[in-house]
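Listed here are the chains, written in short residue letters.
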Amino acid sequence: METVLITGATSGIGRAFAGHYAARGCRLLLAGRDPEKLERLAAELKTECRLLAADLADEAQVRQLAETLREEPVGVFINNAGFGVAGPFWETDAEKETAMLKVNDLAMHLLFKSILRGMQARGRGTIVNVASSAGLLPGGPYMAAYYASKAYAASLTKAVARELREAGSPVYVCALCPGPVDTNFNRNADVSFSLKGITAEECVKACLAGMARKKTVIVPTARMRAAVFSRRILPEKAMLAVTGRQQKKKIRPK
Ligand SMILES: NC(=O)c1ccc[n+]([C@@H]2O[C@H](COP(=O)([O-])OP(=O)(O)OC[C@H]3O[C@@H](n4cnc5c(N)ncnc54)[C@H](OP(=O)(O)O)[C@@H]3O)[C@@H](O)[C@H]2O)c1
C-alpha cells in the first residue's frame, strides 16, 4: 500500500489530495497544526491515517516532524502547507510575514530535503512542492513577499529536478503552480480573487495529469499558462504593472 504524506492536509488543495489518495486506498500521513481538524479529517477518510500535528512556522517542530518521518516509507509527498499576506510591503505585519516565509520556504525546504533523502535511499518516490503561478512571474506588487516566497519554491524545485535527472535518479519532483483556487487561502490572506478560481479538486486533477506526464512545472489552467507565458514576450515592467493591478483589486477595503 502506497504511503502518502500531505502537509496542510486540513483544508483546500491538501484536503483534496487527501480525498484523492484515500479513495485509492493509500495509507495517509496527514500533517496539520490543529489536532482536532486532523481528527475530523481522518474520521471522514476511509483509509488508514497517521496524524502528525505540527506548527510549520516553528522550525523546531519542523525538524521534529522530519525526525518522526525518518522511518516512514513515504512514496508520495505533497509538500503543500502555506499561506499568503497581502498589502503594500511597508504596511504588512512583519510577524505574520515572517511566519509565512517560515512555512512557505523554510519548512517546505527542510521537509523537501529530508523526504527526498529517504526516497533517494529507497530508489523511488514522487514529491509535489505546491508553489504557485505567483512564483513564475517577475514579482507581485501588493503581495510582494508571498510572490517572492513562491518564486523560491518554484526555483528550488526546478533546480533539484534537474539535479535528479542528471544523477539518473528514479525520484520525480515537480512544482504545482496554480492560479486562483477556491480554498481558505483568500480568507487567511484577507483578499478576494479578482479572477474566478478553480476548485481544489480541479487543481488536484490537473496536477495528477501533469504528474502522469512527468512535468516539472504544472500550471493547472490555460489562462494561467498564458499569463506565465507572457513573461517571455512582455517587458518585466509591464508584467509587474499588470500583476500589481490584479493584486490591488483583491485587497479588501479595511
Ligand atoms: N488557493 C490559491 O489560490 C492558491 C494558489 C496558488 C498556490 N496556493 C498554495 O497552495 C497551498 C495550499 O493552500 P490552499 O489554497 O489549499 O489554502 P488553505 O485552504 O488555506 O490551506 C492551507 C493549509 O496549510 C496549512 N497551514 C497554514 N499555516 C500552517 C502552519 N503554520 N503550520 C502547519 N500548517 C499550516 C493550513 O492549516 P490550517 O487548516 O490549520 O489553517 C491548511 O491546511 C499553499 O502553499 C498556497 O500558497 C494556493
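Below is a summary of the structure that appears in this document.

About the thresholds
Residues numbered from 1 in each chain as written. Predicted model: local features only at pLDDT ≥ 70, side-chain atom pairs only at ≥ 80, totals over all residues. Heavy atoms only, no water. Helix = DSSP H or I, 4+ residues; strand = E, 2+ residues; numbered from the N terminus. Rg over C-alpha atoms; globule rule 2.2 N^0.38 Å. Buried < 20%, exposed > 50% of the residue type's maximum accessible area, 1.4 Å probe, protein only. Contact = heavy atoms within 4.5 Å. Areas by Shrake-Rupley, 256 points an atom, 1.4 Å probe, with all protein chains shown as cover. Lys, Arg positive; Asp, Glu negative; His and termini not counted. Charge placed at Lys NZ, Arg CZ, Asp CG, Glu CD. Expected span 1.5 Å × (residues − 1). Arc of directions from axis to C-beta. Patch = residues over 30% accessible without salt bridge, like charges linked within 9 Å, V, L, I, M, F, W, Y side chains within 5 Å. Salt bridge = Lys/Arg side-chain N within 4 Å of Asp/Glu carboxyl O. Near = heavy atom within 4 Å. Polar contact = N/O pair within 3.5 Å; in protein donor to acceptor, adjacent residues only side chain to side chain. Nonpolar A, V, L, I, M, F, W, Y, C, P; charged D, E, K, R; others polar. Axes fitted to C-alpha atoms, helices over the stretch in contact; angles between N-to-C directions. Parallel < 35°, antiparallel > 145°, perpendicular 65-115°, else oblique. Left-handed = near helix turned anticlockwise from the far one by under 90°.

What to know about the overall build of the protein chain
Thought 1: Scanning the protein chain for helices and strands turns up nine helices and nine strands.
Thought 2: Rg of the C-alpha trace for the protein chain: 18 Å, near the compact-globule value of 18 Å for 254 residues, within the 12% margin.
Thought 3: Along the first, second and third principal axes, the C-alpha atoms of the protein chain reach 50 × 40 × 30 Å.
Thought 4: Counting over 254 residues, the protein chain shows a buried share of 50%.
Thought 5: Across the protein chain, the fraction of contacts at a sequence separation of at least 24, relative to all contacts at a separation of at least 6, is 66%.
Thought 6: Of the roughly 12600 Å² that the protein chain leaves accessible, carbon and sulfur atoms contribute 53%.
Thought 7: Looking at the protein chain, you have 37 positive and 24 negative side-chain charges, and the mean spots of the two groups are 9 Å apart.

Considerations on helix α9 (residues 236-250)
Thought 1: Taking 1.5 Å per residue, 15 residues should reach 21 Å; α9 reaches 21 Å between its end C-alpha atoms and fits that length.
Thought 2: All buried positions along α9 are accounted for by Met239, Thr243, Gly244, Gln247 and Lys250. Seen end-on, α9 carries its buried residues on one side only, within an arc spanning 125 degrees. Seen from the buried face of α9, the exposed residues on the opposite side, beyond 90 degrees, are Lys237, Arg245, Lys248 and Lys249.
Thought 3: In this structure, the buried side of α9 is in contact with α5 (144-166) and α8 (222-229).

A short note on a nonpolar patch on the surface
Thought 1: Together, Phe229, Ile233 and Leu234 make up an exposed nonpolar region whose accessible area comes to about 300 Å².
Thought 2: Considering the arrangement of structural elements, one finds Ile233 in the loop between α8 and α9.
Thought 3: By relative accessible area, Ile233 is classed as exposed at 64%.

Points about the site of the ligand
Thought 1: Taken together, the neighbourhood of the ligand is formed by 31 residues, with Thr10, Ser11, Lys37, Tyr146 and Thr183 sitting nearest.
Thought 2: Here an oxygen atom of the ligand and a backbone polar atom of Asn184 are 3.1 Å apart.
Thought 3: Between an oxygen atom of the ligand and a main-chain N or O atom of Phe185, the distance comes to 3.5 Å.
Thought 4: Taking 890 Å² as the accessible area of the ligand by itself, protein coverage stands at 96%.
Thought 5: Elements with a minimum of two residues in the shell around the ligand: α1 (12-23), α5 and α6 (185-189).
Thought 6: Tallied by class, the residues present in the shell around the ligand amount to 16 nonpolar, eleven polar and four charged.

Thoughts on the packing of helix α3 (residues 59-68) against helix α4 (residues 94-122)
Thought 1: Where α3 meets α4, the axes come as close as 10 Å, and the angle between the chain directions of the two elements is 20 degrees. By the angle between their directions, the pair α3 and α4 is classed as roughly parallel. When the axes of α3 and α4 are compared, the crossing they make is right-handed. Residues Glu59, Val62, Arg63, Leu65 and Ala66 of α3 form the contact with α4, whose participating residues are Leu106, Ala107, Leu110, Leu111 and Ser114.
Thought 2: Its residues assigned to classes, the contact of α3 with α4 comprises seven nonpolar, one polar and two charged.

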